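# Reading the structure
Listed here are the chains, written in short residue letters.
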Amino acid sequence: MKLDISLDQFEEELTKQGYITEKEDRIALTAYLAAQLEKPILVAGPPGVGKTEIAKVLSQVFSAPLIRLQCYEGLDENKALYEWNYQRQLLRIQMKEESLKEEDLFGLDYLLPRPLLQGLMSDELTILLIDEIDKTDAEFEAFLLEVLGEFQVTIPEMGTVRARKRPFVILTTNGERELSDALKRRCIFLYVNPPTVEKEVRILRAKYPELPDKLAFQVAKAVSILREKLALQKIPSIAETMDWAKALLVMGKTDLDPTWVDATLNLLLKSKEDLELFYREMGAERLLWETKGM
C-alpha cells in the first residue's frame, strides 16, 4: 500500500481525525514510511501513551477495517490464525458420502479464519493490529516471522496462503520481555514517549473544543507532574487525562481547585496504593501549586 499523497497531506489527514502529532514524536513520519515501504511498524512505549490509538486512527484515515489480535500468555496459532470447523466436518462425514475424500474436509468452506488469516485473506486493505506482542512467548513470535516477512502463512492441510492484499500491520509492545532481533528486522521501530504538556493540551482541545484553555493547561500540567514526580504503579494514560478533563467540563469547572482534585482523582489514579502515595507525598494543594510553576 503506497500513498499518493505527501507527508504534509498525510499529517493533515491525521489531524482531521483528531490525532495530534508533532515533528519530534516521528509518529506521522514513521507511519508514512511504513506505508510507502509496505513494512510493519513495531510501536514500543509505556502503557497509556496511545500506541493502540495509532492503529485506530490509521483505520479511519485509510477507511480500512481494523482487525485486532489481542495477545496474551498462552496464545497459540489456532487462536491467532485459524481453526477447522470440526462440527461441520463431522456432519459431512456422517452423511457417509462414498465419494468423500480427506481433502474435501480441508477446504475454505471448513476453515474458521482468526485475525491473522482474516487480514491475509481480505480483498481490501485492512489495518492488522497485533496488540501487546510482548505478552506471548518466543514460539509464537517465531511463528509470526513468516507473516511479517512474507505476508503469507502455511496451513499444513492446504499449503501456503499468500496475502491477497497486504495488510498494514502494527505491533505494539509494553516492553515486558525483549523481542527477537528477527522480528525487529522485519519492522520499522517507533518509540512513543508520554506526551509533553503542550501536546496533551492540543489533544484535549481537539477532543473537547469547549474546554477552557486555562483548564486544559491545568489538567495537562497536573497529569504531567503526577507522571514525572510520583513513582506510581500505574501512570495515568492519555485516555484517563481526557476522562478527567471531560468530567471537570461536565461539572461546569473552568479552573482547578483542591476540592475538585480530591473529588475526581479516582479518574486518574486506579489503585489504593497510588492514591495513598499521592496524599503522602504531594496532595491536592501542592499539585495545584506546582501547576502554576511556583
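Presented here is an overview of the structure given in this document. (Residues numbered from 1 in each chain as written. Predicted model: local features only at pLDDT ≥ 70, side-chain atom pairs only at ≥ 80, totals over all residues. Heavy atoms only, no water.)

## Concerning the overall build of the chain
Test applied: The secondary structure listing takes helices from DSSP runs of H or I that are at least 4 residues long and strands from runs of E that are at least 2 residues long, numbered from the N terminus. With a 1.4 Å probe rolled over the protein chains alone, any residue whose accessible area is under 20% of its type maximum counts as buried; one over 50% counts as exposed, and the rest are partly exposed. Only heavy atoms matter for contacts: two residues are in contact if any of them lie within 4.5 Å across the pair. Here Asp and Glu are counted as negative and Lys and Arg as positive; His is not counted, and neither are the chain ends. For the purpose of locating charges, the reference atoms are NZ of Lys, CZ of Arg, CG of Asp and CD of Glu.
The number of helices and strands found in the chain is 14 helices and 9 strands. A principal-axis box enclosing the C-alpha atoms of the chain has dimensions of 85 × 45 × 35 Å. Here the chain holds 294 residues, and the buried ones make up 48% of them. Contacts spanning at least 24 positions in sequence make up 74% of the contacts within the chain whose residues lie at least 6 apart. Computed over 39 positive and 50 negative side-chain charges, the inter-centroid distance for the chain is 2 Å.

## Here we look at a nonpolar patch on the surface
Filter applied, for reference: Like-charged residues within 9 Å of one another, or nonpolar side chains (Val, Leu, Ile, Met, Phe, Trp, Tyr) within 5 Å, are grouped into patches, provided each residue has over 30% relative accessible area and no salt bridge. Only the protein chains shown count as cover for residues, with accessible areas throughout obtained via the Shrake-Rupley method and a probe of 1.4 Å. The salt bridge definition used is simple: a Lys or Arg side-chain nitrogen within 4 Å of an Asp or Glu carboxyl oxygen.
On the surface, Leu 29, Leu 33 and Leu 37 cluster together to form a nonpolar patch covering roughly 260 Å² of accessible area. Residue position: Leu 33 is located in helix 2 (residues 27-37). Given the relative accessible area of 38%, Leu 33 is considered partly exposed.

## A closer look at the packing of helix 10 (residues 213-229) against helix 14 (residues 284-291)
Any two packed helices are characterised by how steeply their axes cross, that is the angle between the axes, and by the distance between the axes. Here is the rule: Only the stretch in contact is used when a helix axis is fitted, and all axes are lines through C-alpha atoms; the angle between N-to-C directions ranges over 0 to 180 degrees. Any angle from 65 to 115 degrees is called roughly perpendicular, while one under 35 is roughly parallel, one over 145 is roughly antiparallel, and all others are oblique. With the far helix as reference, a near helix turned anticlockwise by less than a right angle produces a left-handed crossing, and one turned clockwise produces a right-handed crossing. Residues are grouped as follows: Ala, Val, Leu, Ile, Met, Phe, Trp, Tyr, Cys and Pro are nonpolar; Asp, Glu, Lys and Arg are charged; every other residue, Gly included, is polar.
One way to put it is that helix 10 packs onto helix 14 with a least axis distance of 9 Å and a crossing angle of 110 degrees. Comparing the axis directions of helix 10 and helix 14 gives the class roughly perpendicular. Relative to helix 14, the crossing made by helix 10 is right-handed. Where helix 10 approaches helix 14, its residues Phe 217, Gln 218, Lys 221, Ala 222, Ile 225, Leu 226 and Lys 229 are matched on the opposing element by Leu 287, Glu 290 and Thr 291. Each residue belonging to the contact of helix 10 with helix 14 can be placed in one class, and the counts come to 5 nonpolar, 2 polar and 3 charged.

## Things to note about the pairing of strand 9 (residues 188-191)
Two faces, one strand: in a regular strand the side chains alternate between the faces of the sheet. Using the following cut-off: A pair of strands is labelled paired if DSSP reports no fewer than 2 bridges between them.
Residues of strand 9 alternate between two faces, with Ile 188 and Leu 190 buried on one and Phe 189 and Tyr 191 left unburied on the opposite face. Summarising the sheet, strand 1 (residues 41-44) and strand 9 pair through 4 bridges and their orientation is parallel. Bridging across to strand 9, Ile 41 finds its partner in Ile 188.

## Quick word on the packing of helix 9 (residues 197-207) against helix 10
Between helix 9 and helix 10, whose axes approach to 9 Å, the crossing angle comes to 135 degrees. The angle between helix 9 and helix 10 falls in the class oblique. In this structure, helix 9 crosses over helix 10, and the sense of that crossing is right-handed. Side by side, helix 9 and helix 10 meet where Val 197, Glu 200, Val 201, Leu 204 and Arg 205 of the first sit next to Asp 213, Ala 216, Phe 217, Val 219, Ala 220, Lys 221, Val 223, Ser 224 and Arg 227 of the second. Across the contact of helix 9 with helix 10, the residue classes break down as 8 nonpolar, 1 polar and 5 charged.

## Considerations on helix 9
All of the buried residues along helix 9 are Val 197, Lys 199, Glu 200, Val 201, Ile 203 and Leu 204. Of the surrounding secondary structure, the elements contacted by the buried residues of helix 9 are helix 2, helix 10 and helix 11 (238-250).

## Here's the deal with the side chain of Asp 25
Operational definition: Any pair of nitrogen or oxygen atoms within 3.5 Å is treated as a polar contact; in protein, a donor-acceptor pairing is required on top of that, and neighbouring residues in sequence qualify only through side-chain atoms on both sides.
Turning to its location among the elements, Asp 25 is positioned in the loop between helix 1 (7-16) and helix 2. Since its relative accessible area comes to 16%, Asp 25 is described here as buried. Engagement of the side chain of Asp 25 in a polar contact is seen with the backbone nitrogen of Glu 22, the distance being 2.9 Å. Asp 25 has contacts with Leu 190 and Lys 199, leaving out every residue within four places of it along the chain.

## Looking at the sheet that holds strand 1
Whether parallel or antiparallel, the strands of a sheet pair through hydrogen bonds between backbone atoms. The 5 strands lie next to each other as 2-5-8-1-9, forming an open sheet whose pairing is parallel. Every interior strand has two partners, whereas the edge strands, strand 2 (66-70) and strand 9, have only one. Ignoring which end each strand starts from, the neighbouring axes of this sheet average 20 degrees apart. Relative to strand 8 (residues 168-173), strand 5 (residues 127-131) is paired through 4 bridges, and the arrangement is parallel. When the bridges of strand 8 are listed, Leu 128 appears paired with Val 169. Against the sheet, helix 3 (residues 51-61) engages strand 1, strand 2, strand 5, strand 8 and strand 9, with an angle of about 165 degrees to strand 8.

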